[in-house]
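Listed below, chain by chain, are the residues.
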Amino acid sequence: MKRSFICLLSATLFLFLLSGCGKGHLLESSKPVTLTMWHNYGGDMQESMDYLIDQFNSTIGKDEGIVINVTAISSSSELNKSLDMIVNDDPGAPQLPDIFTGYPQTAIKFQEKEMLVNFEDYFTDEELTAYVDAFVEEGRLSDGGLYVFPLAKSTEILYLNQTLFDHFAAQTGASMEQLSSFEGIAELSRMYYTWTDQQTPDILQDGKQFYTADSWFNVAEVGVAQMGKHIFDETQRLSLDSQEYAHIFETVYSPAVEGGFAVHDGYSSDLSKTGDIICSTGSSAGILFYGDTITYSDGTIEEVEYSILPYPVFEGGIKTALQRGGGLMVAKTDRQREHAACVFIKWLTASEQNMKFISKTGYLPVTKQSFEKDIVSHLENLEDPQIKKMLTAVLSMYQEYVFFTAPNYESFDADSDTYESRFKEILTEHRNLFQQESPVSAERALAQLKE
Amino acid sequence: MNSKKQAFTFRKKEQRKKETTLQRRLMFFFASVSIFIILSFALLMTLFGITGKEEKAIRSYMDNELSDISTSIADDFGRLSVDGIQLAEDLARRCDDFFSANNIAAEELPEHPELLEPLLAEQTQSLIYTINNRTCGGVFILLDATVNPEADNADLAKAGVFIKKTQPTSTQAVGVKTYYLRGPAQIARDNKIELLGQWRMEYDVAEEDFFSSVMDTARANPALPLSRLYFWSGRTILKDNSEAGFLLCVPLRSKDGTVFGVCGIEVSDRMFKSLYSPEASTYENAFIVAAPSTDTNLRTSEGIIAGNYYLTGNRLTEDLSLTSKRGDFESYESSLAAYAGKSTSLRLYPTNSPYEGIDWSVAILMSENSLQAATRGSLAYFIGTIVLLLLISLGISIYISRRYLRPVTDALDSIRCQSYEERNPVIYLEINDLFEFLADRDREHGEELQKREEKLQEHEEKLQKLDKEKQDIEKHYDRAQTWISHLSRERMPEVDHDSFEMFLQYLHTLTPKEYEIFNLYLEGKSAKEILVIANINQNTLKYHNKNIYSKLGVTSRKQLLEYAALMKHKRDS
């Protein structure tokens, strides 16, 4: 009897210890660990992210003892500023959150200081193979570790105000085919400027702009890639000396100074909404910012329809588009917090949640299951016609295009920002000179930019 | 005889039925005690209301959350009201300066649409400052004028600016992203604010009439200060916008008293949720709602809720009617759902405000089903626990009774097998004592038996000796008889035949007692032996002897014995 009692006691103790081991990484539902999170899914995308985080906190999070607390939602650039302060240990820098969104370029700085979790420590190879390989590869840094986990990806597309374009095409004979190349767009922009200028013969040079880009750096970077070159040289420095780049510069410069291309500090959707442009290239995730009306300065509102077209290609180039979209990074803290963060990320990027997120935001899913299978059937049930239109276009692009990912150089952000601001400055300045009838040649402008 | 036997058997059976084993009785005793204690405990818990622990916990949770959150809401809304009044005063002053600079009166603004954009552009910095330095979802200004007075819907269009931010509760640690919802696009571009997808240049008051009553009230009460004229709208969602909010509306009044617009601050859905959600780790279904109210209604269709969107959604589309009060809990119903919880009033307006009569309430609610499930769950848990305890106590009773009685039953077995001397000692002293006692008794019995056996042997030996003696005596007796016969034959000739004949003839005259004594003489008994055997005294013997002698004609016992021997010899021969 005594022996059986001891056996029973031992078995109970063993099971108890075993159950303790099963908890793994010390997560306990009774003592939840709260993880802070910063993300850049603001505006109309915020509700979707809020919903998913609520859902996680109420289900898996509650069972596992994990609470996700979003402490900052802002633009990527604002988040980057704060993250820069943190990584540089600037005075007044905020505390690094447990989970934050960002680009690989940001991750490099943190990884150099060993402040990031390598997801390979928490995801098995089998789990990682469930994600689109290219998206995973984008998050790997120089040591081969995976530091930026794919959450939602986007590419760049051409937004076209079909209503205005049709009206313009009917009057001028402009063709949709011309929108497939930047050269064609440049030509159309000249036509459009002239045509709109002619609407008010009594006012000179009041033609309207036709096209703009959310990022002129992306136009240059992808354009060079379309022509088989890299805009960064082997020393990771921006190289603007190639013939390919010269062609791109000239293609953009002329319509920009002549008034066909808009050079604008904000997003292209802002100009679209006032009918100030006809088309623009920008992130596919920007679809929600486009709306379905344009408002003129006199308060008149016109209902319009947008078309989503593949990213234009420079003549002679191969169909190449930028694949972009940040990912999630996890700060190195302790095993418990890191594990908890990875549980959340695993849940958030699983096909079911990922599809919910993309169907409300316009991003692309990151798992192979979602990307290759679920999304096709999901398209039919999408409520938002704009997102449906955009995803259809992007999926067709994935059949025909080569996708280009920005290199993970530490100086990438600074170089691209400098290029963007300098490029806009020169174009704005030369546009003014052009209006003052003191045009500057493209060669001279390029030389100025290179300086 | 047969029926008696049957009755006996029946009684025996009945008795066997009443009998029970020690273990069963002990187990029954333990189980009874355990069950009694557990049920008493349960009864006490029920009597003192401890079983309603969950209900008590919910009540306590709701009390605490409602108290904390309603206080926060009252404080925050009060602070925002003050901020809104300051903003209105600041904007009105700037607008007055603008009117002066452009040589117009405030009331002439609708006639100068070309001035609207520059006027709004001048106010935008104040709005941006306010939004960046307040915990709020947005700020706005709306003017009673439109950029296109000639348009068909000019009376429904109002110029203004509405700026929102993604992170209402920004800590300033991370830059705040602002978005432009209403206003001239150029102002947004100039201030580098991104236009939302739902951006419109002007307000459409056909669907966004949150301000006309504020302006009318302000116009009707020119003597009241702004601190009495602000108004909190119910949940308002601007056309096509995805996010709703409460709008603090403060009239814009120029120095000449003209009310020319409204400005204010938004408490957005998201801000309300992030600031006032009840602690969700215990009851994820609980949510806070702030809404205009009456004594019997919560106008939740105009309210905002803070809670878990995943479980509650972000709004209640219908008003809730107070249906009953169950203890501290209030029950509310709409045609869609039933809720229960607690509420408290929210004071938004000061004394003398034209809006003083509009009541607001803050309530903490959860669905009636959730509340009942939590309470039911508690009862089920309680009953389950009691049942489990009873089962455990029964198991323990069985185990303990078996374990406790095992030494006793072993002892009884060993007594049955009489192996108690070789048994191992048990833990019970009484049993060990009993076994020692039994062992002692056993030893004593053994010794006595041995003694008795020895005695028996001794007696057997004596008996053998006596048998031998008896055999010797019988041999002697036979020899004596033989000798007597022989002697009789030899002495016959010497005997007086007449006397002998007389002896034989009168033998039958002896009395039985005399005959008994005669026979005893013949058996060779001595006088002393005859006294004992016949149980007579010596005188009596002498008396009988005298009679025997006289009747048989003998004179002595020697002669008597001689004649008796002769008689026997004669009979034998």
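Residues numbered from 1 in each chain as written. Chains lettered and ligands numbered in written order. Predicted model: local features only at pLDDT ≥ 70, side-chain atom pairs only at ≥ 80, totals over all residues. Heavy atoms only, no water.

The next thing to look at is the confidence of the model for chain A. Residue and element names in this part refer to chain A. Summary statistics for chain A give a mean pLDDT of 87 and a share of 94% for residues scoring 70 or more. Per-element confidence in chain A ranges from a low mean pLDDT of 48 for helix H1 (residues 2–23) to a high of 96 for strand E6 (residues 211–213). Counting interchain partners and residues more than four positions distant, the pLDDT-below-50 stretch residues 13–24 has zero contacts. (pLDDT = per-residue confidence, 0-100. Helix = DSSP H or I, 4+ residues; strand = E, 2+ residues; numbered from the N terminus. Contact = heavy atoms within 4.5 Å.)

Here we come to the packing of aromatic side chains. Under the criterion given, the structure shown has 57 aromatic pairs over all chains. Between A:Phe100 and A:Phe110, the aromatic rings sit 5.5 Å apart at their centres with planes inclined by 50°, giving tilted as the arrangement. Taken as a pair, A:Phe100 in strand E3 (residues 99–102) and A:Phe110 in helix H5 (residues 104–112) lie far apart in primary sequence, 10 residues in all. Across the pair, A:Phe110 and A:Phe100 agree in class, each one buried. Consider the rings of A:Phe135 and A:Phe371, whose centres lie 5.9 Å apart with planes at 85°: the pair is edge-to-face. In this pair, A:Phe135 is assigned in helix H7 (residues 133–138) and A:Phe371 in helix H15 (residues 368–381), connecting sequence segments 236 residues apart. In this arrangement the basic side chain of A:Lys346 is found over the ring face of A:Phe123, its NZ or CZ atom lying 4.8 Å from the centre. A cation over an aromatic ring shows up here: B:Lys342 above the ring of B:Phe329, its NZ or CZ 6.0 Å from the ring centre. (Phe/Tyr/Trp six-rings, centres within 6.5 Å; stacked < 30°, edge-to-face > 60°. Buried < 20%, exposed > 50% of the residue type's maximum accessible area, 1.4 Å probe, protein only. Lys NZ or Arg CZ within 6 Å of the ring centre and 35° of its normal.)

With that settled, the discussion passes to the nonpolar core. Core analysis: the biggest nonpolar cluster contains 122 residues, and A:Phe165, A:Leu179, A:Phe210, A:Tyr211 and A:Tyr245 have the highest contact counts within it. Apart from residues lying up to four places away in sequence, A:Tyr245 is in contact with A:Ala220, A:Val224, A:Ile231, A:Leu240, A:Tyr419, A:Phe423, A:Leu446 and A:Leu449. If you look at the next biggest cluster of nonpolar residues, it comprises 95 residues, including B:Tyr61, B:Ala188, B:Leu224 and B:Tyr283. (Core = buried A, V, L, I, M, F, W, Y, C linked by side-chain atoms within 4.5 Å.)

As a further point, take the interface of chain B and chain A. Facing 36 residues of chain B, the contacting portion of chain A comprises 44 residues. Both faces combined, the contact of chain B with chain A buries some 3400 Å², and carbon together with sulfur accounts for 52% of it. Where chain B meets chain A, there are four salt bridges. Here B:Arg189 and A:Asp276 are joined by a salt bridge, their closest N and O atoms 3.1 Å apart. Listing elements by their share of the side of chain B that touches chain A, those giving two or more residues are helix H5 (185–190), strand E4 (194–200), helix H7 (269–276), helix H8 (309–312) and helix H9 (368–416) of chain B. The element that contributes the greatest number of residues to the side of chain B that touches chain A is E4(B), accounting for seven residues. Across the side of chain B that touches chain A, the residue classes break down as 15 nonpolar, 12 polar and nine charged. (Buried area = accessible area lost by both parts, 1.4 Å probe. Salt bridge = Lys/Arg side-chain N within 4 Å of Asp/Glu carboxyl O. Nonpolar A, V, L, I, M, F, W, Y, C, P; charged D, E, K, R; others polar.)

Moving on: a negative patch on the surface. Together, B:Glu453, B:Glu454, B:Glu458, B:Glu460 and B:Glu461 give the surface a local cluster of negative charge. In this structure, B:Glu453 sits in helix H10 (residues 429–491). (Patch = residues over 30% accessible without salt bridge, like charges linked within 9 Å, V, L, I, M, F, W, Y side chains within 5 Å. Areas by Shrake-Rupley, 256 points an atom, 1.4 Å probe, with all protein chains shown as cover. Lys, Arg positive; Asp, Glu negative; His and termini not counted. Charge placed at Lys NZ, Arg CZ, Asp CG, Glu CD.)

The next subject is the sheet that holds strand E2 (residues 66–73) of chain A. Residue and element names in this part refer to chain A. Sheet architecture is open: five strands sit in the order E2-E1-E3-E12-E4, paired in mixed fashion. Two strands lie at the open edges of the sheet, namely E2 and strand E4 (149–150), each paired on one side alone. The sheet contact formed by strand E1 (residues 33–39) and E3 spans two bridges and is parallel. Across the sheet, residue Trp38 finds its bridge partner in E3, namely Phe100. Across the sheet, helix H4 (residues 76–87) touches E1, E2 and E3, and the angle it forms with E1 is around 120°. Taken strand by strand, helix H13 (residues 335–348) contacts E1, E2, E3, E4 and strand E12 (327–330), and its axis lies near 55° from that of E1. (Pairing = 2+ DSSP bridges. Axes fitted to C-alpha atoms, helices over the stretch in contact; angles between N-to-C directions.)

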